[in-house]
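What the coordinates show
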Amino acid sequence: MKITQLCSHPIIQAPMAGGATTPELVAAVSNAGALGSLAGPLLTPLAIIEQAEHIRRLTDKPFAINLFVQTRPQIDYAALESAKQLLQPIWMSLGWNALPTPTRWCEDFDAQLDALLIARPAVASFTFDILHASQIQRLHDAGILVVGTATNLAEAQVWQAMGADAICLQGVEAGGHRGTFIGKQEEATLSAMALLQQVKSHSHVPLILAGGIMHGGDIAEALQAGAQMVQMGTAFLTTDEAAIHPAYKAKLLELASGNSAEGEEATMQTRAFSGRLARGVRNRFMQTMQTVAQQVPAYPIQNALTGSLRAHAAKTNDTELMSMWAGQGAHRVRKMSAAGLIATLITELQQHQST
Ligand SMILES: Cc1cc2nc3c(=O)[nH]c(=O)nc-3n(C[C@H](O)[C@H](O)[C@H](O)COP(=O)(O)O)c2cc1C
């Protein structure tokens, strides 16, 4: 079975860690004939199993589960104190005397993978690193298709050589974290289309294009250029079923309202929130931290360290301190139900294909 045969439409709703990809969103997407994806990276193993069960109560269609491939970090407590000092302008502006030390850094990947195998989605997608051959074998033995994320040709070739069933090509326009694991994240600067042109002659597995795809016309162009499917994240953030913070959703809708002059400049990439390069809506946090962003500790340490600040921002509706991950197409979001968005995308795609 190929990934393209799992659903009627060539659209994957991107996994989006942080609450956006609710079981309701994943199921609505799959019920509408596309492939919904549950973001597992920040979920406990038990929550992965429970949310997969929840999805199955809402749909009998295939869906995907996604994980960050990561190892538990070694904590250097002296370096941690320096990292807290880099964040001082932010926590002092809130009147705090100190930044709390996190009690947890990230979930245990091996336990998450075991949970994913129990949940048995049709597709498992991975980002941040490559799996071991034995892990891919376990997924294949369970009948699960494996999708690897690549931001350059070398990564696409490694995933293919390791036996991935499809590769998600993530262009620089993409919202959220970069999946780069070979070379510097800052050097993975290819647009989705340029990446597709580089990879397609070297590939014999389906290619899924991600980054800045917002309308049916963008899907038509991606398919025309040789992609078999597209993966769309930002476009789904403003659907009714996506459970992002209401102020973050409102900010995206404001960008799309025509009252904002920022357009494609509304987002930027930063390491400052998490220690891994990620694209989101520009705000005071990013701007304040810009000069020291190269010095912050790597993911997941910085991500855990900024957790209390982001939780405070959420509680106080402060979009200047939230991580509002979104792609370069943020100013083209639309407010509708997930099923409504998919129906709209398919109508637009067909219009473009017939002209
Ligand atoms: C809010 C948000 C969270 C994301 N979280 C994840 C994630 O957990 N796992 C992952 O593989 N990709 C994640 N991504 C990246 C998407 O998989 C995809 O590459 C990206 O959304 C495509 O670009 P677009 O946002 O312009 O459509 C995230 C993207 C966004 C916008």
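Cut-offs used in this document
Residues numbered from 1 in each chain as written. Predicted model: local features only at pLDDT ≥ 70, side-chain atom pairs only at ≥ 80, totals over all residues. Heavy atoms only, no water. 1 Å grid on protein atoms, 1.4 Å probe; cavity = no way out; pocket = protein on both sides within 12 Å on 5 of 7 lines; lining within 4 Å. Points joined across faces, edges and corners; volume = space filled by probe spheres on them. Domains from an automatic or database assignment. Phe/Tyr/Trp six-rings, centres within 6.5 Å; stacked < 30°, edge-to-face > 60°. Helix = DSSP H or I, 4+ residues; strand = E, 2+ residues; numbered from the N terminus. Buried < 20%, exposed > 50% of the residue type's maximum accessible area, 1.4 Å probe, protein only. Salt bridge = Lys/Arg side-chain N within 4 Å of Asp/Glu carboxyl O. Pairing = 2+ DSSP bridges. Axes fitted to C-alpha atoms, helices over the stretch in contact; angles between N-to-C directions. Parallel < 35°, antiparallel > 145°, perpendicular 65-115°, else oblique. Left-handed = near helix turned anticlockwise from the far one by under 90°. Contact = heavy atoms within 4.5 Å. Nonpolar A, V, L, I, M, F, W, Y, C, P; charged D, E, K, R; others polar.

In this section: the layout of surface pockets. As a volume, the second largest pocket reaches approximately 430 Å³. Contributing to the lining of the second largest pocket are 23 residues, with Val-69, Gln-70, Thr-71, Arg-72 and Asp-129 lying nearest its centre. Lining the lining of the second largest pocket are residues from two domains, each supplying at least three of them: domain 1 (1-70 + 106-241 + 337-355) and domain 2 (74-105 + 254-329).

This part is about the packing of aromatic side chains. Enumeration over the complete set of coordinates arrives at 6 aromatic pairs. Measuring from ring centre to ring centre gives 6.5 Å for Phe-109 and Phe-126, while their planes differ by 75°; the resulting arrangement is edge-to-face. Here Phe-109, found in helix α5 (residues 109-119), pairs with Phe-126, found in strand β4 (residues 123-127); they are 17 residues apart in sequence, far enough to count as distant. Phe-126 matches Phe-109 in its accessibility class, with the two residues each being buried. Between Phe-128 and Tyr-299, the aromatic rings sit 5.3 Å apart at their centres with planes inclined by 80°, giving edge-to-face as the arrangement. On the criterion of sequence distance, the pair formed by Phe-128 in the loop between β4 and α6 (133-141) and Tyr-299 in the loop between α12 (284-289) and α13 (301-305) is long-range, its members being 171 residues apart. Tyr-299 shares its class with Phe-128; the two are buried. Taken together, the aromatic side chains of Phe-68, Phe-128 and Tyr-299 make up a single cluster linked through ring pairs.

The full count for this structure, using the stated rule, is 7 salt bridges. Among the ionic pairs, Asp-114 bridges to Arg-138, the shortest N-O distance being 2.8 Å. Separated by 24 residues along the polypeptide, Asp-114 in helix α5 and Arg-138 in helix α6 bring together distant segments of the chain. For Lys-335, the salt bridge identified is with Asp-240, shortest N-O distance 3.4 Å. Here Lys-335, found in the loop between α14 (307-315) and α15 (338-354), pairs with Asp-240, found in the loop between α10 (234-237) and α11 (246-256); they are 95 residues apart in sequence, far enough to count as distant. You can call Asp-240 partly exposed: its relative accessible area is 46%.

If you trace the 3 strands from one edge of the open sheet to the other, you get β7-β11-β10, paired in antiparallel fashion. Of all the strands in the sheet, just β7 (176-177) and β10 (267-270) have a single pairing partner and so form its edges. As defined by bridge partners, β10 adjoins strand β11 (residues 278-281) across 4 bridges and the pair is classed as antiparallel. In the strand pairing of β11, Thr-270 is matched with Ala-278.

Where helix α9 (residues 216-224) meets α15, the closest approach of the two axes is 7 Å, and the angle between their N-to-C directions is 55°. On the basis of their axis angle, the class for α9 and α15 is oblique. The two elements α9 and α15 meet at a crossing, and its hand is right-handed. Of the residues in α15, those touching α9 at Gly-216, Gly-217, Ile-219, Ala-220 and Leu-223 are Leu-345, Glu-348, Leu-349, His-352 and Gln-353. Partitioned by chemical class, the residues of the contact of α9 with α15 number 5 nonpolar, 4 polar and 1 charged.

Now for the environment of Ala-164. Residue placement: Ala-164 occurs in the loop between α7 (153-162) and β6 (166-170). In contact with Ala-164, other than residues within four places in its own chain, are Val-146, Gly-148, Trp-159 and Val-205.

The full count for this structure, using the stated rule, is 1 cavity of 30 Å³ or more. Size it by volume and the largest cavity reaches roughly 40 Å³. Surrounding the largest cavity, Ile-3, Ile-12, Leu-35, Ser-37, Ala-64, Val-123, Ser-125, Val-147, Ile-208 and Gln-231 form its lining.

Nothing here speaks to function; it is all geometry.
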